[in-house]
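Spelled out from the first residue to the last, the chains are:
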Amino acid sequence: MTTPATSAPRAVGDIAARIVARTGMPVLLLAAHPGEPTVTAGIDGDQRRYASTAAAYPDGLRAEVHAPGGPDPEQLVRRALPGADRVSTAYLATPGSLTRGVEARHGGLLARAGTWRGWHLLTVTEDLNYRGPLPALRLIGADSLPDGRPGRPCPAQDQP
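The structure displayed is predicted, hence computed values, not measured ones.

What follows concerns the overall build of the protein chain. Secondary structure assignment for the protein chain yields two helices and ten strands. Secondary structure elements of the protein chain occur, N-terminal to C-terminal, as β-α-β-β-β-β-α-β-β-β-β-β. The buried share of the protein chain, taken over its 160 residues, is 45%. Of the accessible surface of the protein chain, which amounts to about 8,200 Å², a share of 51% is contributed by carbon and sulfur atoms.

When the pLDDT values of the protein chain are averaged, the result is 85; 89% of them are 70 or greater. Averaged pLDDT values for the elements of the protein chain fall to 48 in strand S1 (residues 2-4) and rise to 97 in helix H2 (residues 73-80). Every residue in residues 1-9 scores below 50 in pLDDT, and together they form 22 contacts with partners more than four places removed in sequence or on other chains.

Let's shift gears to the environment of Pro153. Secondary-structure assignment places Pro153 in the segment after strand S10 (137-140). Sequence spacing of Pro153 and Tyr50 is 103 residues, and the spatial spacing of their C-alpha atoms is 6.4 Å. Excluding anything up to four places from it in sequence, Pro153 contacts Arg48, Arg49 and Tyr50.

Under the defined criterion, the tally for this structure stands at five salt bridges. In this structure, Arg78 and Glu74 form a salt bridge, with 3.0 Å as the shortest nitrogen-oxygen distance. With a gap of four residues between them, Arg78 and Glu74 both fall in helix H2, about one helical turn apart. By relative accessible area, which is 41% here, Arg78 ends up partly exposed. With a relative accessible area of 36%, Glu74 lands in the partly exposed category. One network of salt bridges, in which partners are shared, links Glu103, Arg105, Arg112 and Asp127.

Take Pro73: it is sitting in helix H2. Sequence-wise, Pro73 and His120 are 47 residues apart; in three dimensions their C-alpha atoms are separated by 6.4 Å. When sequence neighbours within four positions are dropped, the list of residues in contact with Pro73 reads Val102, Ala113, Gly114, Thr115 and His120.

Positive phi is not limited to glycine here, since Arg117 has a value of about 50°. Tracing the backbone shows Arg117 in the loop between strand S8 (109-116) and strand S9 (119-126).

Further remarks concern the nonpolar core. Judged by nonpolar contacts, the single largest core of 27 residues is most densely connected at Val27, Leu29, Val39, Val65, Trp119, Leu121 and Leu139. Of all elements in the fold, only helix H1 (12-23), strand S2 (27-30), strand S3 (38-44), strand S4 (49-56), strand S5 (62-66), S9 and S10 reach the threshold of two or more residues within this core. Those residues in contact with Val65, other than ones at most four positions away along the chain, are Met25, Pro26, Val27, Leu28, Ala51, Ser52, Thr53, Trp119, His120, Leu121 and Leu139. Ranked by size, the runner-up nonpolar core spans eleven residues in total, among them Leu76, Ala84, Val87 and Val124.

Below, the discussion takes up H1. The end-to-end C-alpha distance of H1, which contains twelve residues, comes to 16 Å, matching closely the 16 Å that a straight helix rising 1.5 Å per residue would cover. Buried residues of H1: Gly13, Ile15, Ala16, Ile19, Val20 and Thr23, and no others. The buried side chains of H1 occupy one side of the element, clustering within an arc of 160° when seen end-on. Buried residues belonging to H1 abut S2, S3, S4 and S10. Following H1 by one or two positions, Gly24 adopts a phi angle in the positive range, close to 75°.

Rules used in this analysis
- Residues numbered from 1 in each chain as written.
- Predicted model: local features only at pLDDT ≥ 70, side-chain atom pairs only at ≥ 80, totals over all residues.
- Heavy atoms only, no water.
- Helix = DSSP H or I, 4+ residues; strand = E, 2+ residues; numbered from the N terminus.
- Buried < 20%, exposed > 50% of the residue type's maximum accessible area, 1.4 Å probe, protein only.
- Areas by Shrake-Rupley, 256 points an atom, 1.4 Å probe, with all protein chains shown as cover.
- pLDDT = per-residue confidence, 0-100.
- Contact = heavy atoms within 4.5 Å.
- Salt bridge = Lys/Arg side-chain N within 4 Å of Asp/Glu carboxyl O.
- Core = buried A, V, L, I, M, F, W, Y, C linked by side-chain atoms within 4.5 Å.
- Expected span 1.5 Å × (residues − 1).
- Arc of directions from axis to C-beta.

Below, the structure is given as structure tokens:
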């Protein structure tokens, strides 16, 4: 189940901060993307805890954060681009460093995923065929949360 974060128009950062406060999960945004994403929080059905956040953009691009115990980086890129022939090693820009991860390419899209401080991060961006800079990312709430822990329990109204 996902819980959309929609209400009166607000800055995307404000919406993301509200999701962080409610779920205990950081939110990853594509910082330079001109579109406004729909930000959601996913629930682990077994434990009734928030397990992921996602920012989905109108053009199909997205950024996600998953708590430990969920899909690993390779599973994330295979799920994001199921038609990709192979998954290869890649480096992702993370706050203050690079982290080793994986990537897959298919249909003009590039999916990259890796683990940073226990959180599994995924981005799906346009495939620039190794030209141009890495996408600018904005991670909301990571500094205020412990390293990679499951999200908060879901309130009763969010449960299926």
